[in-house]
Amino acid sequence: MMFLGLEVGSWAEWISGVLAALAIFFGILSSKFEKQVKLKLKGIMLYHYGCVYMEDKNTGDMLPEEINDTYLKINLTNIGLIDIDIKECGISSNTFKLEDIWTDSKKHYAMYFDEVKLHIHSKSGLSINKKEFPIENLGSIAKGKNRRLLVYVIDQQDNIYFGKLKYKIKNVSD
């Protein structure tokens, strides 16, 4: 095939050249995104309080029992292609940076934190369940004030991931 007096090749050569260029482009693009670590997380905190009447096993009498239970669940979903090792999880009132972790040995950036050792495989998920974590750290929630709180996790490479914390407060009194 001739174009302006030059041999430009056949249609098959043109198509194979364009497809080879696209393959190289998508190969470079996919390798860039493949190495990204992606983690989605959501948290829910349940707080039950009140007074309920329970039957005493010995006497059969109905005795009042105070309920003041807390429960925290953090759902983690690894949507990246690389496994992630989690070393810390917790609750914070705002986002923080890597510098805060390194300079704050008493962890003032967190309202509640816990050291964990979890391995999350790529394209999978799991939950962190903490029963009866200290509610005094979350006093404004216990009083029913609306406040935006975040759950966070930190992995072994000190990447910080944040997610929303939803909470439910329930009076279980009879």
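With respect to the overall build of the chain
Phase 1: Regarding its fold elements, the chain presents 3 helices and 9 strands.
Phase 2: Shown N-terminal to C-terminal, the secondary structure of the chain runs as helices and strands in the order β-β-α-β-β-β-α-β-β-α-β-β.
Phase 3: Counting all 174 residues of the chain, 28% fall into the buried class.
Phase 4: Pairs at least 24 residues apart make up 71% of the contacts formed inside the chain by residues separated by at least 6 positions.
Phase 5: In the form shown here, the chain has an accessible surface area of approximately 12000 Å², with 56% of it arising from carbon and sulfur atoms.

Digging into the nonpolar core
Phase 1: Among the nonpolar cores identified, the biggest contains 21 residues, and Leu39, Ile74, Leu76, Ile86 and Val153 are the most heavily contacted of them.
Phase 2: Of all the secondary-structure elements, those providing two or more residues to this core are β3 (39-55), β4 (62-78), β5 (84-92), β6 (112-120), β8 (150-155) and β9 (160-171).
Phase 3: The contacts of Val153, once residues within four sequence positions are left out, are Leu39, Leu41, Leu76, Ile86, Glu88, Cys89, Ile128, Asn159, Ile160 and Tyr161.
Phase 4: Membership of the second largest hydrophobic core comes to 6 residues, among which are Phe96, Ile101, Ala110 and Ile154.

Comments concerning the confidence of the model for the chain
Phase 1: In the predicted model, the chain carries a mean pLDDT of 80, and the fraction of residues at 70 or more is 83%.
Phase 2: Ranking the elements of the chain by mean pLDDT puts helix α3 (residues 139-142) last, at 52, and β8 first, at 90.

Comments concerning the side chain of Asp104
Phase 1: The topology assignment puts Asp104 in the loop between α2 (98-103) and β6.
Phase 2: Lys106 is the oppositely charged side chain nearest to the buried, salt-bridge-free Asp104, at an N-O distance of 8.0 Å.
Phase 3: Within the structure, Asp104 has its side chain in polar contact with the backbone nitrogen of Lys106 (distance 3.3 Å).
Phase 4: From its side chain, Asp104 meets the backbone nitrogen of Lys107 in a polar contact 3.2 Å long.

What to know about the packing of aromatic side chains
Phase 1: Going through the model one piece at a time under the given rule, you end up with 5 aromatic pairs.
Phase 2: Plain terms: the ring middles of Phe96 and Tyr109 are 4.4 Å apart, the flat faces sit at 40 degrees to each other, and that makes the pair tilted. Of this pair, Phe96 sits in the loop between β5 and α2 while Tyr109 sits in the loop between α2 and β6; the two residues are 13 residues apart in sequence, bridging distant segments of the chain.
Phase 3: On the basis of relative accessibility, which here comes to 8%, the residue Tyr109 falls in the buried class.
Phase 4: Centre to centre, the rings of Phe96 and Tyr152 are 5.0 Å apart; their planes meet at 85 degrees, and the pair counts as edge-to-face. Taken together, the residues span a long stretch of sequence, with Phe96 in the loop between β5 and α2 and Tyr152 in strand β8 at a distance of 56 residues.
Phase 5: The buried category is assigned to Phe96, whose relative accessible area is 7%.
Phase 6: For the cation-ring pair, Lys107 lies above Phe113, with the distance from its terminal atom to the ring centre recorded as 5.2 Å.

Regarding the pattern of salt bridges
Phase 1: Taken as a whole, this structure holds 3 salt bridges when the rule is applied.
Phase 2: Residue Lys87 is joined to Asp158 by a salt bridge in which the shortest nitrogen-to-oxygen separation is 2.6 Å. Highlighted residues: Lys87 in strand β5 and Asp158 in the loop between β8 and β9, separated in sequence by 71 residues.
Phase 3: The class for Lys87 is partly exposed, based on a relative accessible area of 26%.
Phase 4: Salt-bridge contacts for Glu88 lead to Lys107; the nearest nitrogen and oxygen are separated by 2.8 Å. Of this pair, Glu88 sits in strand β5 while Lys107 is found in the loop between α2 and β6, placing the two residues 19 residues apart along the sequence.
Phase 5: The class of Glu88 is buried, set by a relative accessible area of 3%.

Reading the values: the criteria
Residues numbered from 1 in each chain as written. Predicted model: local features only at pLDDT ≥ 70, side-chain atom pairs only at ≥ 80, totals over all residues. Heavy atoms only, no water. Helix = DSSP H or I, 4+ residues; strand = E, 2+ residues; numbered from the N terminus. Buried < 20%, exposed > 50% of the residue type's maximum accessible area, 1.4 Å probe, protein only. Contact = heavy atoms within 4.5 Å. Areas by Shrake-Rupley, 256 points an atom, 1.4 Å probe, with all protein chains shown as cover. Core = buried A, V, L, I, M, F, W, Y, C linked by side-chain atoms within 4.5 Å. pLDDT = per-residue confidence, 0-100. Lys, Arg positive; Asp, Glu negative; His and termini not counted. Salt bridge = Lys/Arg side-chain N within 4 Å of Asp/Glu carboxyl O. Polar contact = N/O pair within 3.5 Å; in protein donor to acceptor, adjacent residues only side chain to side chain. Phe/Tyr/Trp six-rings, centres within 6.5 Å; stacked < 30°, edge-to-face > 60°. Lys NZ or Arg CZ within 6 Å of the ring centre and 35° of its normal.

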